[in-house]
Amino acid sequence: MDKLILSQLFKKMSISPRSYRFHFTYFMKEFIRMQLAHLLNSLGLNYTVPDLIEITGIANNSKEVKPGNLFVAISGHEADGHKYIDHAISLGAVAIIGERNLPDMTVPYIQVKNSRKTLALVAKQYYYPKNTKTFIGITGTNGKTTTAFMLRHILENNGMTCSLFSSVYNEVNGEKNASKNTTSDSLELYKQLANSQDQIVILEVTSHALIQHRVEGIEFDCCIFTNLSQDHLDYHLNMEDYFEAKRLLFTMLKPAGKAIINTNNDWGLTLAADLERRHIQTIKLFGEEQDFHLELEQVTYIKDLMQIVITAQQQQGYMMHLSVLGEHNALNATMAFVTALQLSIPVNLAISALESFRGAPGRFERYKHPKGGEVVIDYAHTEDAFFYCLTTAKKLGARRIFHVFGFRGNRDTTKRQSMIDVSLELSDFIILTLDDLNNETSTTLKAQLETYDLNNKGTIITDRISAIKKAWSMMEEGDWLFITGKGQEPYQQTVTHPRSDGEVVEMLLKSQISHSSLLESQFLTQHPSN
Ligand SMILES: CC(=O)N[C@H]1[C@@H](OP(=O)(O)OP(=O)(O)OC[C@H]2O[C@@H](n3ccc(=O)[nH]c3=O)[C@H](O)[C@@H]2O)O[C@H](CO)[C@@H](O)[C@@H]1O[C@H](C)C(=O)N[C@@H](C)C(=O)N[C@H](CCC(=O)O)C(=O)O
Ligand SMILES: Nc1ncnc2c1ncn2[C@@H]1O[C@H](COP(=O)(O)OP(=O)(O)OP(=O)(O)O)[C@@H](O)[C@H]1O
Ligand SMILES: N[C@H](CCC[C@H](N)C(=O)O)C(=O)O
């Protein structure tokens, strides 16, 4: 392989020439034998290499290596993939990509600047070289999942097929698979795209994913910014840093791609101004001067429906009646509606589809309490989300509001006090409980809960099922109970009885939870760290 071809390949894969020049002699010897056959052919490089080493697939976890695989070593947050290179080779890896200088390798080794980025670009070339789909990326602190589900509903109701990558699950060709992360890693993503026969791909793109290059190589037709509020400051230095991560999504728009920005908050305004400066087509939502405007004061409730009006170009108003409640869902519906219009869905069909949308799993999921109250299961885990949920109940005339929630282990702890403050302000009684331990011990998390002053308006019941049962028993007609933080997810680290808040509520409705299964010990004792 001559230098030109090698450099063309690397250029296509956006690998810095510096990193390969450094090892060029080594490559000349070793890389010449290594055939990333798919890659070269796909790049139209008509070159036959003697002694081909055919790559049978790509792996980034040594445990998943199959004979003939290319293994990409990643320096992670928990582990260092370079330590597993020998393991990968023992399982049959025939070539390695990594970031470290590792001269004595028994198989061809390519040193790159950024393994995660390279993984994405190689995976794209190998599994999904020719893009034939329309990509929609959704980022923001809250509302990604709901907006994604709403948009998918509109598109599918209008005859389009959609792949969905979300916090709740991924779905490709109508088949669901579990999502470990909100945004799948690049290898998983491109493998699934290779298999997808759907026309549209809707991707929730988190700030973690953007920093970790999980969607590197995708060119988006539309990118949506839902909002930004405090979260994940265990991962990002501060809000500016968090915003910068979100902003990266908009550098991945196609040249004719559109940015759809909720300018209802300052971060959205900053983003829109920046994109406009860079001549990116930007559709601004909310605000009388903007392209589309939702008048939050005009959001009204009629029986069990929420009526909203979206005004386009300061002229035409579109009224719709939604089953999903809350101003946050009015905002999400506006974003889904406007995006659907960009994909050429006629206005009346977009409206009728939105009106038949019944909600995303675990988001403002409602149950009727036998005494005539409302029980809501919701994924709220930020101050902002609490505000929207609890004010919705107030607007709907809640007599009293009870709120059961906790804090996930190993996540941003600085957001907790403001979550408690908002709940204390808007609800009548709080029960603090445990959320997922996420590898922290229950003892640590319990001790942390005890540091908060609940102002005589709350208590701590660490066992989540017992907390729900207690709140359930306090309900009277007209009361509302919010159980937040977990949505549809099953409890983690409860080994023997993984169940979700919804299952607990359904069992309470059927009175199937025996007293013994509600003992405080139930939620926690099975975890090894207890
Ligand atoms: C902190 C973080 O984001 N970690 C993510 C990251 O893991 P990592 O790179 O640190 O992986 P690692 O465990 O250190 O391992 C490093 C490398 O060694 C390899 N390895 C490891 C062991 C072994 O025996 N052999 C081996 O080869 C691993 O396969 C990996 O390639 O990359 C992994 C693959 O993409 C992710 O699954 C993982 O998410 C963890 C589980 C996580 O909890 N992430 C959260 C914080 C997250 O990403 N959340 C966002 C949602 C945020 C929101 O709601 O807005 C999300 O997108 O889900
Ligand atoms: N537009 C919004 N603005 C503020 N809060 C919202 C909005 N939409 C939803 N929420 C609240 O945030 C919670 C999470 O919403 P959703 O799952 O749609 O967002 P997400 O961005 O996917 O969240 P995550 O990244 O944590 O999975 C909801 O359960 C609701 O309480
Ligand atoms: N998808 C989110 C879940 C957040 C859940 C919340 N309960 C919390 O951690 O505060 C994450 O990976 O961080």
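Residues numbered from 1 in each chain as written. Chains lettered and ligands numbered in written order. Predicted model: local features only at pLDDT ≥ 70, side-chain atom pairs only at ≥ 80, totals over all residues. Heavy atoms only, no water.

K.L.:
Can you explain the overall build of the protein chain? Please cite residues and give values.
P.N.:
Counting secondary structure elements, the protein chain contains 18 helices and 22 strands. Among the 530 residues that make up the protein chain, the fraction classed as buried is 58%. Here the analysis covers contacts within the protein chain between residues at least 6 apart in sequence; of these, 66% occur between residues at least 24 apart. Total accessible area on the protein chain is roughly 22600 Å²; 49% of this is exposed by carbon and sulfur atoms. (Helix = DSSP H or I, 4+ residues; strand = E, 2+ residues; numbered from the N terminus. Buried < 20%, exposed > 50% of the residue type's maximum accessible area, 1.4 Å probe, protein only. Contact = heavy atoms within 4.5 Å. Areas by Shrake-Rupley, 256 points an atom, 1.4 Å probe, with all protein chains shown as cover.)

K.L.:
So, the pattern of salt bridges: which residues are in play, and what are the values?
P.N.:
Across all of its chains, the model carries 23 salt bridges by this definition. For arginine 152, the salt bridge is made with glutamate 171, and the minimal N-O distance between the two is 3.0 Å. With arginine 152 in helix 7 (residues 144–157) and glutamate 171 in strand 7 (residues 170–172), this pair connects stretches of sequence that are 19 residues apart. Among the ionic contacts, a cluster of salt bridges with common partners joins Glu244, Arg247, Asp274, Arg277 and Arg278. (Salt bridge = Lys/Arg side-chain N within 4 Å of Asp/Glu carboxyl O.)

K.L.:
Explain the packing of helix 12 (residues 327–342) against helix 13 (residues 347–355) residue by residue, including any values.
P.N.:
Running from N to C, helix 12 and helix 13 point in directions that differ by 145 degrees, and their axes come no closer than 10 Å. Regarding helix 12 and helix 13, the two cross each other, and that crossing is right-handed. Taken together, the residues of helix 13 that come into contact with helix 12 (itself represented by Ala333, Phe337 and Leu341) are Val347, Ala350, Ile351 and Leu354. (Axes fitted to C-alpha atoms, helices over the stretch in contact; angles between N-to-C directions. Left-handed = near helix turned anticlockwise from the far one by under 90°.)

K.L.:
I'd like to hear about the pairing of strand 18 (residues 374–378), residue by residue, with values.
P.N.:
Among the five residues of strand 18, five are classified as buried, and the element is accordingly described as predominantly covered. Side chains of strand 18 alternate between two faces, with Glu374, Val376 and Asp378 and Val375 and Ile377 buried alike. Sheet topology places strand 17 (residues 365–368) next to strand 18; four bridges connect them, and they run antiparallel. Among the inter-strand pairings, arginine 366 is bridged to a residue of strand 18, identified as valine 376. The antiparallel hairpin formed by strand 17 and strand 18 contains five residues in its connecting segment, where glycine 372 sits at a positive phi of about 100 degrees. With five bridges connecting them, strand 18 and strand 22 (residues 480–484) associate as parallel partners. Residue pairing across strands places aspartate 378 opposite threonine 484, the latter belonging to strand 22. (Pairing = 2+ DSSP bridges.)

K.L.:
Please give an account of the packing of aromatic side chains that cites residues and values.
P.N.:
This structure, assessed with the given rule, holds 14 aromatic pairs. Measuring from centroid to centroid gives 6.5 Å for phenylalanine 225 and phenylalanine 243, while their planes differ by 90 degrees, and the two rings are edge-to-face. With phenylalanine 225 in strand 10 (residues 220–225) and phenylalanine 243 in helix 10 (residues 239–247), this pair connects stretches of sequence that are 18 residues apart. Grouping residues by exposure puts phenylalanine 225 and phenylalanine 243 together as buried. Cluster of aromatic residues (ring-pair linked, three or more members): Tyr128, Phe135, Tyr190 and Phe220. In this structure, lysine 176 packs its charged tip against the face of tyrosine 169, placed 4.9 Å from the ring centre. Positioned over the ring face of tyrosine 379 is arginine 363, at 4.1 Å from the centre of the ring. (Phe/Tyr/Trp six-rings, centres within 6.5 Å; stacked < 30°, edge-to-face > 60°. Lys NZ or Arg CZ within 6 Å of the ring centre and 35° of its normal.)

K.L.:
Got a sec to walk through the UniProt feature "domain: Mur ligase C-terminal" (unreviewed entry) in the protein chain? Specific residues and values, please.
P.N.:
In this numbering, the UniProt entry assigns the feature "domain: Mur ligase C-terminal" (unreviewed entry) to residues 362–487. Helix makes up 34% of residues 362–487 and strand 21%. Its end C-alpha atoms lie 4 Å apart. (UniProt positions renumbered as here; feature names shortened; annotations may be inferred.)

K.L.:
Describe helix 6 (residues 115–127), listing the residues and the values that go with them.
P.N.:
Given a rise of 1.5 Å per residue, 13 residues ought to cover 18 Å, and the 17 Å separating the end C-alpha atoms of helix 6 matches this to within 8%. Most of helix 6 sits inside the fold, with 11 of its 13 residues counted as buried. Listing the buried residues of helix 6 in full gives Ser115, Thr118, Leu119, Ala120, Leu121, Val122, Ala123, Lys124, Gln125, Tyr126 and Tyr127. Capping the start of helix 6, asparagine 114 holds a side-chain oxygen 3.1 Å from the backbone nitrogen of arginine 116, two or three residues further along. (Expected span 1.5 Å × (residues − 1). Polar contact = N/O pair within 3.5 Å; in protein donor to acceptor, adjacent residues only side chain to side chain.)

K.L.:
A description of the sheet that holds strand 20 (residues 429–432) should follow, citing residues and the corresponding values.
P.N.:
Spatially, 17-18-22-19-20-21 is the arrangement adopted by the six strands of the open sheet, whose pairing is mixed. At either margin of the open sheet sits one strand with a lone partner, and together these are strand 17 and strand 21 (458–460). Adjacent strand axes in the sheet meet at a mean angle of 15 degrees when their direction is disregarded. Most of the contacts of helix 14 (residues 383–395) go to strand 19 (residues 401–405), to which it runs at about 155 degrees, and overall it touches strand 18, strand 19 and strand 22. Across the sheet, helix 18 (residues 501–509) lies against strand 17, strand 18 and strand 22, angled at about 10 degrees from strand 17, the strand it touches most.

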